[in-house]
Amino acid sequence: MNASVKQQKDDVRKKVLLLRDKLTDIEVEQKSDVIFHKVTRLENLDSAKVVLCYLSLGSEVKTTKIVQFLLKIGKKVVVPAYFDDGYILAELSDLNNLIAGPYGVLQPKVMHEVNNSSVDLAIIPGVAFSKDGIRLGYGKGVFDKLLAGSKAVKIGLAFNFQAVDELPREKHDLVVDILVNEGSTSLPFKNN
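Residues numbered from 1 in each chain as written. Predicted model: local features only at pLDDT ≥ 70, side-chain atom pairs only at ≥ 80, totals over all residues. Heavy atoms only, no water.

Caption draft 1: The arrangement of the sheet that holds strand S10 (residues 163–164) in detail. What the three strands build is an open sheet, ordered S8-S7-S10; its pairing is mixed. Every interior strand has two partners, whereas the edge strands, strand S8 (135–136) and S10, have only one. In the sheet, strand S7 (residues 128–130) pairs with S10 via two bridges, with the strands oriented parallel. Within S10, the residue paired with Phe129 across the bridge is Ala163. (Pairing = 2+ DSSP bridges. Helix = DSSP H or I, 4+ residues; strand = E, 2+ residues; numbered from the N terminus.)

Below, the structure is given as structure tokens:
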């Protein structure tokens, strides 16, 4: 990785995470509720059979209600899970049989691996997203690797201030098709 690109990414990460971590629990819940309602109205959700959704941690946009909704309407839900020295996509059938994986992220106790080619729609976190859909993650490359080559519609969830004008992009960086935040619009991106 180019040293200046790495530094640019690290600078944005630090700035945005400081802002996000200043949100109160109540603010995170309220903003997440608005985002939840927007996600449930996305047209792409109707036709999706298999949906990848992250399990939120800390000050991320909360996804518990989204996962409950997806399960209730009969979607097959998959989540990232650490298994045998790497991350896989594992089926999630309910929120009661979870254990903490690396970095405290919850994952299913029993793993049923799902191939990324079966994922129709992916709801993913990010530290920041550019106006043209470039996603800046936490720097571990988990979602970049899990969704490499996937044809899934990629939906980023973020708070308004996590949308930035531009981000440096490397070949492996994910680009989202839609960004959903608590603002007045969900931003669809074109030609990704």
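Picking up where we left off.
Caption draft 2: Spotlight on the nonpolar core. Membership of the largest hydrophobic core comes to 45 residues, with the highest contact counts inside it found for Leu52, Ile123 and Leu157. In contact with Ile123, other than residues within four places in its own chain, are Val39, Val51, Leu52, Cys53, Tyr54, Ile66, Leu70, Ile155 and Leu157. Listed in part, the seven residues of the second largest apolar core include Val127, Ala128, Ile134 and Leu167. (Core = buried A, V, L, I, M, F, W, Y, C linked by side-chain atoms within 4.5 Å. Buried < 20%, exposed > 50% of the residue type's maximum accessible area, 1.4 Å probe, protein only. Contact = heavy atoms within 4.5 Å.)

Caption draft 3: Fine view of helix H2 (residues 25–40). Between its first and last C-alpha, H2 extends 22 Å over 16 residues, near the 22 Å set by a 1.5 Å rise per residue. Along H2, the residues classified as buried are Val28, Ser32, Ile35, Phe36, Lys38 and Val39. Buried residues of H2 fall within an arc of 160° about the axis and therefore sit on the same side. Facing away from the buried side of H2, by more than 90 degrees, are the exposed residues Ile26 and Gln30. (Expected span 1.5 Å × (residues − 1). Arc of directions from axis to C-beta.)

Caption draft 4: Just the packing of H2 against helix H4 (residues 64–72), in detail. Relative orientation of the contacting elements H2 and H4 amounts to 25°, with a least axis distance of 9 Å. When the interaxial angle is binned, H2 and H4 end up roughly parallel. In terms of crossing hand, the pair formed by H2 and H4 is right-handed. Taken together, the residues of H4 that come into contact with H2 (itself represented by Asp33, Phe36, Val39 and Thr40) are Lys65, Ile66 and Phe69. The residue inventory of the contact of H2 with H4, partitioned by class, reads four nonpolar, one polar and two charged. (Axes fitted to C-alpha atoms, helices over the stretch in contact; angles between N-to-C directions. Parallel < 35°, antiparallel > 145°, perpendicular 65-115°, else oblique. Left-handed = near helix turned anticlockwise from the far one by under 90°. Nonpolar A, V, L, I, M, F, W, Y, C, P; charged D, E, K, R; others polar.)

Caption draft 5: Representation of the pattern of salt bridges. According to the stated counting rule, one finds eight salt bridges in the structure shown. Here Glu170 ties to Lys9 by a salt bridge, and the two come within 2.6 Å at their closest N and O atoms. Of this pair, Glu170 sits in the loop between S10 and strand S11 (178–180) while Lys9 sits in helix H1 (residues 3–21), and the two are 161 residues apart along the sequence. Residue Glu170 shares its accessibility class with Lys9, and that shared class is buried. In this structure, Asp173 engages Lys9 in a salt bridge whose closest nitrogen and oxygen atoms are separated by 2.8 Å. On the criterion of sequence distance, the pair formed by Asp173 in the loop between S10 and S11 and Lys9 in helix H1 is long-range, its members being 164 residues apart. Among the residues examined, Asp173 registers a relative accessible area of 6% and is labelled buried. You can call Lys9 buried: its relative accessible area is 5%. Within the structure, one salt-bridge network assembled from shared partners comprises Lys6, Asp10 and Arg13. (Salt bridge = Lys/Arg side-chain N within 4 Å of Asp/Glu carboxyl O.)

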